[in-house]
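Structural overview
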Amino acid sequence: MSPKLLLLLFLRRWHARIGFAAVVFFLFLAVTGFVLNHSADFGLDTKYVHAAWLLRWYGIAPEPPRQAFRSGRHDLIAANGRWLLDGRLSGEKFPQPVGLVELPGMVVVASSTSLYLYGKDGALIDRLERNALPAVPVQAIGSGEQQLVLRTARGTFESSDGLAWELAPRDAIAWSAPAELSAADRERYAALLEPGISVQQLLLDLHSGRIAGRYGPLAVDLLAVFLAVLSLSGAWLFLKPRHRRERH
Amino acid sequence: MICAARRSLAVLILVFGATAVAHGEVYQEPGAFVAEVLGSTPALKVLWLTREMQGQAAAILGHPPAQLRQRYWSDAHKTVWILEETGKEELITAGFVVVDGRIDHVRVLVYREGRGQEVRQSSFLKQFKDAKAQGNRLDRDIDGIVGATLSVGAMERMARLALLFDRLSHDNAHG
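Sequence order as written defines residue numbering, which begins from 1 separately in each chain. Chain labels run from A onward and ligand labels from 1 onward, assigned in the order the entries are written. Thresholds applied to this predicted model are a pLDDT of at least 70 for local features of residues and 80 or more for the giving and counting of side-chain atom pairs; totals over whole chains, interfaces and linings are not thresholded and use all residues.

Some words on the overall build of chain A
Assigned secondary structure in chain A consists of 6 helices and 16 strands. Each radius of gyration reported is based on C-alpha atoms, and the globular scaling rule is 2.2 Å times the count of residues to the power 0.38. In terms of overall size, chain A is more extended than a compact globule, its C-alpha atoms giving a radius of gyration of 30 Å where 248 residues would be expected to give roughly 18 Å. The C-alpha extent of chain A, read off along each of the three principal axes, is 100 × 40 × 30 Å. Counting only contacts in chain A whose residues sit at least 6 apart along the sequence, the fraction spanning at least 24 positions is 56%. Comment: elements are numbered from the N terminus, with helices defined as DSSP H or I runs of at least four residues and strands as E runs of at least two. C-beta atoms are placed from the backbone for every residue, and two residues are taken to be in contact when these atoms lie within 7 Å.

Focus on the sheet that holds strand S14 (residues 174–175) of chain A
Residue and element names in this part refer to chain A. Spatially, the 5 strands line up as an open sheet ordered S13-S12-S11-S10-S14, and their pairing is antiparallel. A single partner strand is all that each edge strand has here, and the edge strands are strand S13 (166–167) and S14. Pairing of strand S11 (residues 147–152) with strand S12 (residues 155–159), which is carried by 5 bridges, proceeds in the antiparallel orientation. In the sheet register, Val149 faces S12, and the bridge partner there is Glu158. Two strands form a pair only when DSSP identifies at least two bridges running between them.

Thoughts on the pairing of strand S6 (residues 102–111) of chain B
Residue and element names in this part refer to chain B. Pairing geometry for strand S1 (residues 25–26) and S6, over 2 bridges, is antiparallel. In the sheet register, Val26 faces S6, and the bridge partner there is Val110. With 8 bridges joining them, strand S5 (residues 91–99) and S6 adopt antiparallel strand pairing. Bridging from a neighbouring strand, Val97 pairs with His105 of S6. Hairpin connection from S5 to S6: 2 residues lie between these consecutive antiparallel strands, with Asp100 at a positive phi of about 50°.

In structure tokens, the structure reads:
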């Protein structure tokens with residue numbers, strides 16, 4: 001048997017073996033790559049997976065909620081960038097609140113650099129960032145005579161609607177203060193407020209191999225080498241017999 | 001080894017998270033933009049979005065508007081809107097000036113995405129000059145930018161929303 005024929009047989013055999021062995025991985029890479037390419041169309045950039053086992057795998061230790069803010073019939077518990085306002089979960093990446101006050105027709109949550117104004121039904125009326133606030137950082141939020149009051153390093157300001165602010169003349173202000181949660185409540189709220197991993201991030205880590213740590217990308221690199229070998233051997237197997245026929 | 005893998009994953013997430021925040025670049029404070037456009041900062045006005053208006057805004061955005069109260073500024077001729085919309089993952093803050101139902105001026109004020117900052121360049125933004133509403137879209141095609149497709153889409157949606165809000169604010173003013 002000629003060396004060329006031997007090489008051809010060798011290549012054909014290994015082309016088939018590598019292709020068969022890697023079919024699951026290649027399909028996996030193809031599917032995750034396709035989904036990642038259309039992640040915005042599928043809305044994956046805004047979806048999060050909340051699972052304790054996944055957090056453990058990622059090495060993320062959830063921060064348990066320790067305090068609650070209460071005002072009238074409303075309460076807010078926050079942890080891990082998530083808010084539970086009157087039992088309703090917010091999205092992700094929310095700031096740490098400094099207080100909560102109830103006003104006629106609205107509930108206001110303050111962070112150090114923003115205010116969130118909610119209607120009584122929980123719908124967001126407005127989000128005021130630092131440029132719409134009289135001063136930042138906000139140190140405390142309170143209410144007095146149906147006015148929203150903010151304490152900052154530059155003074156204490158009040159507003160009835162969060163739009164027009166003026167220096168607060170009054171002393172009788174009920175400042176929002178955190179209340180410690182009981183151990184049972186901490187445990188209950190910790191489960192509700194555990195952090196999430198975005199689906200897009202998860203897919204990206206699966207696709208790149210990073211989900212398996214430092215050696216994961218090397219394994220994906222190896223698959224890339226296999227793919228290159230398959231392409232080259234496939235091309236050779238495709239062209240070589242044709243080349244021979246053309247010579248005859 | 002598994003612990004090391006977990007640590008590196010957690011670090012990656014923290015690094016990417018921190019990077020996303022660090023990338024938030026303020027090109028101009030919204031208040032400064034309003035003052036520049038109107039010469040001073042006139043009294044703030046408010047457009048409350050009724051259920052019907054929310055539906056109209058949702059048809060443009062592809063999702064319900066984030067909030068029910070939209071702040072804006074105006075003088076005798078123009079209205080100024082500071083709007084926010086998500087590009088890929090983060091919010092883009094942009095200022096829109098509307099005159100006679102046409103976009104007069106657009107500026108990207110805060111850009112928080114890791115890439116796609118090209119949408120702030122005047123060569124891109126000048127495409128919006130004199131754009132009018134046509135259905136739920138603009139009356140023209142806006143040329144995209146390679147690598148910034150989602151940010152370009154967000155800018156188009158915000159421009160169309162500014163035109164809707166401008167019309168609604170005039171409707172409200174005239175009763």
